[in-house]
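Structural features, examined
Listed below, chain by chain, are the residues.
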Amino acid sequence: GEGVEKDEKKELFHLVEAAIAGHPEARFQLACYEGKNSRFDRMVKHFIISAHLGHDESIQGLKLCYKEGKVSKEDFASALRGHQAAVNETKSPQREEASKAWAWQRQKPREQKK
C-alpha cells in the first residue's frame, strides 16, 4: 500500500504460502516473478500448475512460452486439458442459473431515487 515500506522477502513468502494452499493467482504471480528472474523452467511449472487450477491468464502465459519454445507441445496440450477440466468442474446448473439471474439484474434499469 501507499506509505508502507515494501518487503519483497515477506511478499514472496506469502505468495509461496498461498500457492501451496492452492491459490491459482498466487501461482500465476510466482510464475511472473520467476520469469522476471530468468528462471524459465520454474516459471513454466507455476504456469502449468495454475492452469490446472483453472486460471485463464496462466494459459495465456503458457501460450507465449510455447511460442518462444520454453514449453513443449505435449506439456502445453496437457495444461490446456487440465485447465478445461478445472473449468468444467466449476460448472453446475445452480451456477448457470445464478449467472443468468445476475446478468438479468444488471440489465434492469436502475430505479431513480425520488
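These lines cover the structure that appears in this document, whether it is placed above or below. Please read these numbers as outputs of a predicted model, since none were measured by experiment. (Residues numbered from 1 in each chain as written. Predicted model: local features only at pLDDT ≥ 70, side-chain atom pairs only at ≥ 80, totals over all residues. Heavy atoms only, no water.)

**Regarding the overall build of the protein chain**
We apply this condition: Strands here are runs of E lasting at least two residues and helices are runs of H or I lasting at least four, both read from the DSSP assignment and numbered beginning at the N terminus. Note that the radius of gyration is over C-alpha atoms, with the globule rule given as 2.2 Å times the number of residues to the power 0.38. Here's how the labels work: a residue is buried when its accessible area is under 20% of the maximum for its type, exposed when over 50%, partly exposed in between, all with a 1.4 Å probe on protein chains only. Contact definition: two residues touch when any of their heavy atoms are within 4.5 Å. Here the accessible surface of atoms and residues is derived via Shrake-Rupley with a 1.4 Å probe, and residues count as covered only by protein chains that are part of the display. His is not counted, nor are the chain ends; Lys and Arg add positive charge and Asp and Glu add negative charge. Where a charge sits is defined by one atom per residue type, namely NZ (Lys), CZ (Arg), CG (Asp) or CD (Glu).
Tallying secondary structure elements over the protein chain gives six helices and zero strands in all. Order of helices (α) and strands (β) in the protein chain, N terminus to C terminus: α-α-α-α-α-α. What you see for the protein chain is a C-alpha radius of gyration of 19 Å, clearly larger than the 13 Å of a compact globule of 114 residues, by over 25%. For the C-alpha atoms alone, the extent of the protein chain along its principal axes is close to 60 × 45 × 25 Å. Each of the 114 residues in the protein chain was classed as buried or not, and the buried ones make up 25%. For the protein chain, contacts bridging at least 24 residues in sequence account for 38% of all contacts bridging at least 6. Of the roughly 9200 Å² of accessible surface on the protein chain, 51% is carried by carbon and sulfur atoms. Looking at charge distribution, the protein chain has the averaged site of its 21 positive side-chain charges lying 5 Å from that of its 18 negative ones.

**What about the packing of helix 3 (residues 40-52) against helix 5 (residues 73-89)?**
Our working rule: Orientation is described by lines fitted to C-alpha atoms, with helices fitted over the stretch in contact, and by angles between N-to-C directions that extend from 0 to 180 degrees. For classification, angles of less than 35 degrees are called roughly parallel, those exceeding 145 degrees roughly antiparallel, those between 65 and 115 degrees roughly perpendicular, and all remaining angles oblique. Note on residue categories: nonpolar means Ala, Val, Leu, Ile, Met, Phe, Trp, Tyr, Cys or Pro, charged means Asp, Glu, Lys or Arg, and polar means any other residue, Gly included.
In the contact formed by helix 3 and helix 5, the axes pass within 7 Å of each other and the chain directions differ by 30°. With respect to helix 5, the element helix 3 is oriented roughly parallel. Listed contacts from helix 5 to Ile-48, Ala-51 and His-52 of helix 3 are Asp-75, Ser-78, Ala-79, Gly-82, His-83 and Ala-86. Taken together, the residues of the contact of helix 3 with helix 5 break down into four nonpolar, four polar and one charged.

**Describing the packing of aromatic side chains**
The following threshold applies: Stacked, edge-to-face and tilted labels apply to pairs of Phe, Tyr and Trp rings (six-membered ring for Trp) whose centres lie within 6.5 Å, assigned for plane angles under 30 degrees, over 60, and everything in between, in that order. Distance and angle both matter: a charge sits over a ring if NZ of Lys or CZ of Arg is within 6 Å of the ring centre and within 35 degrees of the ring normal.
All chains considered together, the criterion is met by two aromatic pairs. Relative to Phe-76, the ring of Tyr-66 lies with its centre 5.2 Å away and its plane at 10°, an arrangement referred to as stacked. Residue Tyr-66 is located in helix 4 (residues 56-67), and its partner Phe-76 is located in helix 5; the two are separated by ten residues in the primary sequence. Residue Phe-76 is classed as buried on the basis of its relative accessible area, which comes to 13%. Seen from the ring of Phe-40, Lys-70 lies directly overhead, with NZ or CZ sitting 4.6 Å from the centre.

**So, the nonpolar core**
Going by this rule: Residues belong to one nonpolar core when they are buried, are Ala, Val, Leu, Ile, Met, Phe, Trp, Tyr or Cys, and are joined through side-chain atoms within 4.5 Å.
One finds Met-43, Val-44, Phe-47, Leu-62, Cys-65 and Val-71 to be the most contacted residues of the largest nonpolar core, which totals 13 residues. Those elements giving two or more residues to this core turn out to be helix 2 (24-36), helix 3, helix 4 and helix 5. Sort the elements by how many residues they give to this core and helix 3 lands first, with five residues. Other than its neighbours up to four places away in sequence, Leu-62 contacts Val-44, Phe-47, Ile-48, Ala-51, Val-71, Phe-76 and Ala-79.

**Description of the pattern of salt bridges**
Note the threshold: A pairing counts as a salt bridge when a side-chain nitrogen of Lys or Arg comes within 4 Å of a carboxyl oxygen of Asp or Glu.
Applying the stated criterion across every chain yields a total of four salt bridges. Where Glu-34 meets Arg-42, a salt bridge forms, and the shortest distance between an N and an O atom there is 3.1 Å. Of the charged contacts, one joins Glu-68 and Lys-70 as a salt bridge, the two residues approaching to 2.8 Å between their closest N and O atoms. Each of Glu-34, Arg-39 and Arg-42 takes part in salt bridges that share partners, so that together they form one network.

From the geometry alone we can't say anything about function, so treat these as descriptive.
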